[in-house]
Amino acid sequence: MGGVRKRQVVNEVLGWAGDSLPESHLVSGAFSNGIGNGGQGYNTRRPFEIAFLIELAIAWKKLPQDRQEKAATDPWLFQEIVDSIEDAESKQLRHMLMHFLFPDHFERIASGNHKRRVIKAFSVLVDAEPADDNRTILSIRRELEKLLPSQQLDFYWSPLVEAWYDDSEGASEDAPLEIIRHKKKIALYGPPGTGKTFRAKRLAERVIRSAALSHMGPARYFQSQDKVAAAIKGNVHRLQLHPAYSYEDFIRALHISNGGGTEYRPGYLPQLI
């Protein structure tokens, strides 16, 4: 949603009370930019998100002033207050609000599922997992900062995002990678032009990156991005089958050698293996 539409929505609501948001206001100016995307799930569940925000505002106003002041400077106390609202953990606004107020403690991630996937991918970096996902991710970040001291880190930016996220999989499931690990194969089907080839390439890249991260460990993995990229380039192949393909092309056949004799040469499948 762009800045113009954001201002329209806010002014529509303010208009019910005979008010409006001046274009010169700092908030109006901030609407021209963004720091994330809640996705389709947030848009379809917006009434529940707004209800959560209202309940949180009521609970906040009921707090004594000294507790409000303390929570405004203590990220973990603020999280405790937010989580006191019923079903808070299922709301994306929970994650957004905590990041807005304490960006050094809470990541720019508005999905509990994404946070769990980050923890799963980088859990080897922390000796013991704290009970709270946000504390775990903060510990992971601090370890990553030691491994990549010269980079500005964001879990949605390279080189971190490739280690845990694949947007070709869909919004919330990582089943395809688990299926490939178990079955060693996957079939994608559908009409032409629906992204099957693109998704296959992304899945192949993720299989290799996941294996590299597991085999190398985080330190070597992040220090060897050129080698990982070369492994992806050298191990992902595409073959479009057609009726003219024969056994000789695909498996093995006799060919004329450089010396004029004949020799067996492997076809496409043995070369790939």
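### Here we look at the side chain of Ser 210
As for its position among the elements, Ser 210 is in helix 12 (residues 196-223). Residue Ser 210 is classed as buried on the basis of its relative accessible area, which comes to 19%. The contacts of Ser 210, once residues within four sequence positions are left out, are Leu 177 and Arg 181.

### Topic: the packing of aromatic side chains
Tallied over the entire structure, the rule returns 11 aromatic pairs. With 5.1 Å between their ring centres and 45° between their planes, Trp 164 and Tyr 165 make a pair best called tilted. Judged by centre distance (6.4 Å) and plane angle (80°), the ring pair of Tyr 245 and Phe 250 falls under edge-to-face. The residue whose ring lies beneath Arg 252 is Tyr 264, and the NZ or CZ to ring-centre distance is 4.0 Å.

### Quick word on the packing of helix 4 (residues 46-62) against helix 6 (residues 75-82)
With their axes 10 Å apart at the nearest point, helix 4 and helix 6 run at an angle of 115° to one another. Within the contact between the two elements, helix 4 uses Phe 52, Leu 56 and Trp 60 and helix 6 uses Phe 78, Ile 81 and Val 82. When grouped by side-chain class, the residues that make up the contact of helix 4 with helix 6 number 6 nonpolar, no polar and no charged.

### Side note on a nonpolar patch on the surface
A contiguous nonpolar surface patch, about 300 Å² in accessible area, is contributed by Ile 35, Phe 100 and Leu 101. Looking at where Leu 101 falls in the secondary structure, it is placed in helix 7 (residues 92-101). Residue class for Leu 101 comes out partly exposed when judged on its relative accessible area of 44%.

### What to know about the pairing of strand 2 (residues 262-266)
By the bridge criterion, 5 bridges tie strand 1 (residues 252-256) to strand 2 in an arrangement that is antiparallel. For His 255, the partnering residue across the bridge sits in strand 2 and is Glu 263. Between strand 1 and strand 2, which pair antiparallel one after the other, the connecting turn spans 5 residues, and Gly 260 there sits at a positive phi close to 95°.

### Notes on the side chain of Glu 107
Along the chain, the position of Glu 107 falls in the loop between helix 7 and helix 8 (112-122). For Glu 107, a relative accessible area of 10% translates into the label buried. Once residues within four sequence positions are removed from consideration, Glu 107 is found in contact with His 99, Ile 137, Arg 141 and Phe 155.

Conventions and cut-offs
- Residues numbered from 1 in each chain as written.
- Predicted model: local features only at pLDDT ≥ 70, side-chain atom pairs only at ≥ 80, totals over all residues.
- Heavy atoms only, no water.
- Helix = DSSP H or I, 4+ residues; strand = E, 2+ residues; numbered from the N terminus.
- Buried < 20%, exposed > 50% of the residue type's maximum accessible area, 1.4 Å probe, protein only.
- Contact = heavy atoms within 4.5 Å.
- Phe/Tyr/Trp six-rings, centres within 6.5 Å; stacked < 30°, edge-to-face > 60°.
- Lys NZ or Arg CZ within 6 Å of the ring centre and 35° of its normal.
- Axes fitted to C-alpha atoms, helices over the stretch in contact; angles between N-to-C directions.
- Nonpolar A, V, L, I, M, F, W, Y, C, P; charged D, E, K, R; others polar.
- Patch = residues over 30% accessible without salt bridge, like charges linked within 9 Å, V, L, I, M, F, W, Y side chains within 5 Å.
- Areas by Shrake-Rupley, 256 points an atom, 1.4 Å probe, with all protein chains shown as cover.
- Salt bridge = Lys/Arg side-chain N within 4 Å of Asp/Glu carboxyl O.
- Pairing = 2+ DSSP bridges.

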